[in-house]
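Take a look at the letters that make up each chain.
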Amino acid sequence: MLSGTLRFLTHSLVKAVLLLDLLTVGCGYVATTCTSRRCLAEMLIKKEYQSQPQYENCTQMIKVPFIEYQTLAVDTKNLRLISRLQAMIVWRDPELGWNTSIYEYNEVVLPVDKVWTPEIHVTNGIMTTMKHGSRDLLVTSNGTVMHSVIINAEVNCEVNLFNYPFAADECPVAIQTWTHDGCGTELEFGELKMVDGTHGDWQTDSVALQKKRDDRNYIMVGLSIKFTNPFITLMLPSILIILADAVSFSLPLGGGERNSFKVTLVLSFTMFLIILNDQLPGDSQCSPIIRIHFCICLVLLVLSMLVSLVLTRVAKDGLNFCCCSKMPSPKKAGNKEDKEDEEAKPDISVVQLNGPEEDRQMLRKVVKFLEAFDTKEQESDKNQKLADTMDKIFFWIYFISATLYFCAMIYVMVRRTCSVNHFDFWY
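All values reported here derive from a predicted model rather than from experimental measurement. (Residues numbered from 1 in each chain as written. Predicted model: local features only at pLDDT ≥ 70, side-chain atom pairs only at ≥ 80, totals over all residues. Heavy atoms only, no water.)

**Student:** Any chance you could explain the UniProt feature "transmembrane region" (unreviewed entry) in the chain here in plain terms?
**Tutor:** Per the UniProt record, "transmembrane region" (unreviewed entry) is found at residues 218–243, 263–280, 292–311 and 393–414. Regarding residues 218–243, the helix share stands at 62% and the strand share at 31%, and the terminal C-alpha atoms are separated by 47 Å. Measuring from the first to the last C-alpha atom of residues 292–311 gives 29 Å, for a span that is 100% helix and 0% strand. (UniProt positions renumbered as here; feature names shortened; annotations may be inferred. Helix = DSSP H or I, 4+ residues; strand = E, 2+ residues; numbered from the N terminus.)

As C-alpha cells, this is what we get:
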C-alpha cells in the first residue's frame, strides 16, 4: 500500500511539472506573438533611452532639412529682434531600430518625453525657448528619428538706425547645439524658408543660411523699415513747422502778431518732441541722425523768433536801442517844458496876441513843433525801412538755408551708411 501511494505521488508530481512547463511555454509564446505597432512602441519605450546616442567619435550629427523663419517684431527702442523658427530635425539612434521580420512596420510613433531629443538654442539670444512641435515623434526601423521643434528667440541686434526712418540693415540669428571638446552634437542645415515678411514698421527682405566656421551657423536676416509711417509722424511735421515759420515773415513787424506766432511755433515744436520721445529709436553704435535733425529744427525756430523780436525793436527805435540813451540837453529840456506848457493851454486859437513880436514868437513855436514832428516821422520811417530791409534779407537767408538743410539731411538719411559689427557676441 505504501508503494502504491508513492507511485501516485510521483505520478501527480510529474503531471504538475509538465503542466508548469506548458504554462511557461504558452505564456512565452503569447508574449512573442504580439507584433502589432502598439506592442512595438511599448517595446521601444521600455528601453528608456534618455541619453544621447554614443559613437566612437563622441559626436552626434543632427540634420535640419527644413527651417521656417518668421520675424515677429523689431523693437527699435531697445534694439531687439524677436523671431520664431520652426525646424524639422532628424538624427539616428541605432538602439531604437528593430527587426522588420518580427515587426513588419517601417515607422512607429513614440512619446517625445520617452526618447532623447537634441536641444537647439540661439547663441546671441537674450531669451530663447524651444518647444516641441508635437507630443510625439516618428522613428523608422533603422533607428532614424524625425521630430519638429519651435524656437522663440529675442535677439540682441545692433540694428543700424543712423538712416532712420530710411534704415535698412542685416541681423544674424546664430543657431547652434551643445558641444564640448569634440563631444556633443553638430548641425547640418538644408532648406530655409521665410514666412510673413511684414510686421509693423519693419519688413523682412531676405533670409539666408551662412556660417563663420563649421560650428558657427547663423541665419542672416535682411531688414528694412517702411518709411511711410515714420516719415509722416516724425519728418513731415518738422518740415511743415519750419515752412510755417518761414511764411510767418509775411506778417507785419508791428502789433506783435508775428512774435506771438513764432513763440507759439517754438512751444508747439517742443511739446511735439516731448510727446514723440518714447517713439524715437534708441541709441546704438550709429546714433540716429533724426535726433540731430530735430535739434537743428529747434535751433532754427528759436533763432527766427529772436531775430523777429530784435527787428521789432529796430523798427521802433532804430539801431541805437542797444546803446545807452543820451541825456537831453538843457535847451531841449527847456523846449520840452515849453511844449508841455503849450500843450497844457486849452486852445492856441484863443491866445490874445498884443503885438507883432508875440506873433512871431508864436509862429516860431508852431514851426518848431511841426519840424520836430516831421523829424520824428522821418526817423520812424527810416527805422521802419531799415527793419524791413533787414527782415527781407534774413527771410531769404533763412528760407534758402532751411531748404538746403532739408535737402542735405534727406540725402544723408537716404544715402549715407554706417557700419555696425553684428558678430561681437562671438569671440
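**Student:** I would appreciate a short explanation of empty space enclosed by the protein in the present structure.
**Tutor:** Regions of empty space are outlined by a rolling probe, equal in size to a water molecule, passed over the atoms. One pass over the full model with this rule turns up one cavity of 30 Å³ or more. Estimated volume of the largest cavity: approximately 30 Å³. Lining the largest cavity are Val-64, Ile-67, Ala-87, Ile-120, Ile-151, Ile-175, Leu-187 and Phe-189. Looking at the lining of the largest cavity, the elements with two or more residues in it are strand 1 (59–75) and strand 10 (183–194). Residues of the lining of the largest cavity, tallied by class, amount to eight nonpolar, no polar and no charged. (1 Å grid on protein atoms, 1.4 Å probe; cavity = no way out; pocket = protein on both sides within 12 Å on 5 of 7 lines; lining within 4 Å. Points joined across faces, edges and corners; volume = space filled by probe spheres on them. Nonpolar A, V, L, I, M, F, W, Y, C, P; charged D, E, K, R; others polar.)

**Student:** Quick question: what am I supposed to make of the state of the cysteines here?
**Tutor:** Disulfides are covalent bonds that link the sulfur atoms of two cysteine residues. Across all of its chains, the model carries three disulfides by this definition. In this model, Cys-58 is linked to Cys-183 through a disulfide, with the two sulfur atoms separated by 2.0 Å. Linking Cys-58 and Cys-183, the disulfide has an S-S dihedral of approximately 115° and is accordingly described as right-handed. Of this pair, Cys-58 sits in the loop between helix 2 (37–47) and strand 1 while Cys-183 is found in strand 10, placing the two residues 125 residues apart along the sequence. Exposure remark for Cys-58: the relative accessible area of 22% places this residue in the partly exposed category. Here Cys-157 connects covalently by a disulfide to Cys-171, the sulfurs 2.1 Å from one another. (Disulfide = S-S within 2.5 Å. Buried < 20%, exposed > 50% of the residue type's maximum accessible area, 1.4 Å probe, protein only.)

**Student:** I would appreciate a short explanation of a negative patch on the surface in the present structure.
**Tutor:** Taken together, the side chains of Glu-371, Asp-374, Glu-377 and Asp-381 make up a negatively charged region of the molecular surface. Along the chain, the position of Glu-371 falls in helix 7 (residues 356–415). Owing to a relative accessible area of 48%, Glu-371 belongs among the partly exposed residues under this scheme. (Patch = residues over 30% accessible without salt bridge, like charges linked within 9 Å, V, L, I, M, F, W, Y side chains within 5 Å. Areas by Shrake-Rupley, 256 points an atom, 1.4 Å probe, with all protein chains shown as cover. Salt bridge = Lys/Arg side-chain N within 4 Å of Asp/Glu carboxyl O. Lys, Arg positive; Asp, Glu negative; His and termini not counted. Charge placed at Lys NZ, Arg CZ, Asp CG, Glu CD.)

**Student:** How should I be thinking about the sheet that holds strand 4 (residues 120–122) in this particular structure?
**Tutor:** Whenever strands of a sheet pair, they do so through backbone hydrogen bonds, lying parallel or antiparallel. The sheet built from five strands is open, its strands ordered 4-8-13-12-11 with antiparallel pairing. Edge strands, defined here as strands with exactly one partner in the open sheet, are strand 4 and strand 11 (198–199). In the sheet, strand 8 (residues 168–177) pairs with strand 13 (residues 216–225) via eight bridges, with the strands oriented antiparallel. Pairing of Pro-172 across the sheet is with Met-220, part of strand 13. (Pairing = 2+ DSSP bridges.)

**Student:** Hey, could you run me through the pattern of salt bridges in this one?
**Tutor:** Oppositely charged side chains can form a pair if their charged atoms are brought close together. Taken as a whole and assessed by the stated rule, the structure comprises four salt bridges. As a salt-bridge pair, Glu-154 and Arg-80 come within 3.8 Å of each other at their nearest N and O atoms. A residue pair is termed long-range when its members are at least 10 positions apart, and Glu-154 in strand 7 (residues 144–156) and Arg-80 in strand 2 (residues 80–92) qualify at 74 residues. Classification of Glu-154 as partly exposed rests on a relative accessible area of 22%. When the shortest N-O distance is used, the salt bridge between Asp-245 and Lys-262 registers 3.0 Å.

**Student:** Which parts of the structure should I look at to understand helix 4 (residues 257–275)?
**Tutor:** Each α-helix winds once per 3.6 residues, and so residues spaced three or four apart point in a common direction. The end-to-end C-alpha distance of helix 4 is 27 Å, a good match for the 27 Å that 19 residues give at a rise of 1.5 Å each. As for helix 4, its buried residues are in contact with helix 3 (228–247), helix 5 (289–317) and helix 7. (Expected span 1.5 Å × (residues − 1). Contact = heavy atoms within 4.5 Å.)

**Student:** What is the right way to read the nonpolar core from this model?
**Tutor:** In a soluble, globular protein the nonpolar side chains are often hidden away together inside. Membership of the largest hydrophobic core comes to 83 residues, with the highest contact counts inside it found for Leu-81, Leu-110 and Ile-219. With eleven residues, the top contributor of residues to this core is helix 5. Once residues lying within four places of it in the same chain are set aside, the contact partners of Leu-110 are Ala-41, Leu-44, Ile-45, Val-115, Arg-135, Asp-136, Leu-137 and Val-139. (Core = buried A, V, L, I, M, F, W, Y, C linked by side-chain atoms within 4.5 Å.)

**Student:** Looking at this structure, I do not really get the layout of surface pockets. What am I missing?
**Tutor:** Its volume calculated, the second largest pocket comes out at about 310 Å³. What lines the second largest pocket is a set of 14 residues, among which Thr-179, Asp-214, Asp-215, Arg-216 and Asn-217 lie closest to the centre. At the level of secondary structure, the elements contributing two or more residues to the lining of the second largest pocket comprise strand 8, strand 10, strand 12 (202–213) and strand 13. The dominant element in the lining of the second largest pocket, judged by the number of residues it contributes, is strand 10, at three residues. Of the residues in the lining of the second largest pocket, the class split is two nonpolar, six polar and six charged.

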